[in-house]
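Chains, contacts and geometry: an overview
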Amino acid sequence: FSAFKEGYASLNPYMITDRTREVFFRKPGSLRGKEVYLEKLEQCEVYACDNVAQVFVDFCKGCAILLGPCESSVFVRDCEDCVFWLAAQQLRT
């Protein structure tokens, strides 16, 4: 059970954290309008191709991030050398 608990964060489709040099896809219908958290990513590519409520992007470096339609705000904090493609009502930095 302890091994399951340690790997649980990697199973959560709404949170991607502590990853390096990986590519992540979230297909249409997979996020179901929920909040999405991207945290501590380095040289990753993230393609969230679904409607979301809010997105929080924190402490990312050298990433390419595409975010589909966001109903509310996208928060981008403490990121370096990242490229973003966003469709949101509001961008907060």
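Residues numbered from 1 in each chain as written. Predicted model: local features only at pLDDT ≥ 70, side-chain atom pairs only at ≥ 80, totals over all residues. Heavy atoms only, no water.

**Describing the packing of aromatic side chains**
Aromatic ring pairs: the centre-centre distance and the angle between the two ring planes describe each pair. Taken as a whole and assessed by the stated rule, the structure comprises three aromatic pairs. Ring geometry for Phe25 against Tyr47: centres 5.0 Å apart, planes inclined by 15 degrees, an arrangement best described as stacked. One end of the pair, Phe25, is in strand E2 (residues 23-26); the other, Tyr47, is in strand E4 (residues 45-48), with 22 residues separating them in the sequence. Judged by relative accessible area, which is 54%, Phe25 ranks as exposed. We classify Tyr47 as partly exposed; its relative accessible area is 22%. Ring geometry for Phe56 and Phe75: centres 4.9 Å apart, planes at 10 degrees, overall stacked. Of this pair, Phe56 sits in strand E5 (residues 55-58) while Phe75 is found in strand E6 (residues 64-77), placing the two residues 19 residues apart along the sequence. (Phe/Tyr/Trp six-rings, centres within 6.5 Å; stacked < 30°, edge-to-face > 60°. Helix = DSSP H or I, 4+ residues; strand = E, 2+ residues; numbered from the N terminus. Buried < 20%, exposed > 50% of the residue type's maximum accessible area, 1.4 Å probe, protein only.)

**Some words on the side chain of Asp50**
The residue Asp50 is located in the loop between E4 and E5 in this model. Despite being buried, Asp50 has no salt bridge partner; Arg32 is the closest side chain of opposite charge, sitting 6.6 Å away. A distance of 3.2 Å separates a polar atom in the side chain of Asp50 from the backbone nitrogen of Ser30. For Asp50, the side chain forms a polar contact with the main-chain nitrogen of Arg32, separated by 3.1 Å. If we ignore the near neighbours within four places in the chain, the residues touching Asp50 are Arg26, Lys27, Pro28, Gly29, Ser30, Leu31, Arg32, Gly68 and Pro69. (Lys, Arg positive; Asp, Glu negative; His and termini not counted. Salt bridge = Lys/Arg side-chain N within 4 Å of Asp/Glu carboxyl O. Polar contact = N/O pair within 3.5 Å; in protein donor to acceptor, adjacent residues only side chain to side chain. Contact = heavy atoms within 4.5 Å.)

**Quick word on the side chain of Thr17**
Summarising the element assignment, Thr17 is placed in strand E1 (residues 15-20). Within the structure, Thr17 has its side chain in polar contact with the side chain of Asp18 (distance 3.5 Å). In this view, Thr17 contacts Glu39 and Leu41; residues no more than four positions away in its chain are not counted.

**Focus on the pattern of salt bridges**
What the rule picks out here adds up to two salt bridges. With its nearest N and O atoms 2.7 Å apart, the salt bridge here joins Arg77 to Asp58. Here Arg77 is found in strand E6, whereas its partner Asp58 is found in strand E5, with 19 residues between them in sequence.

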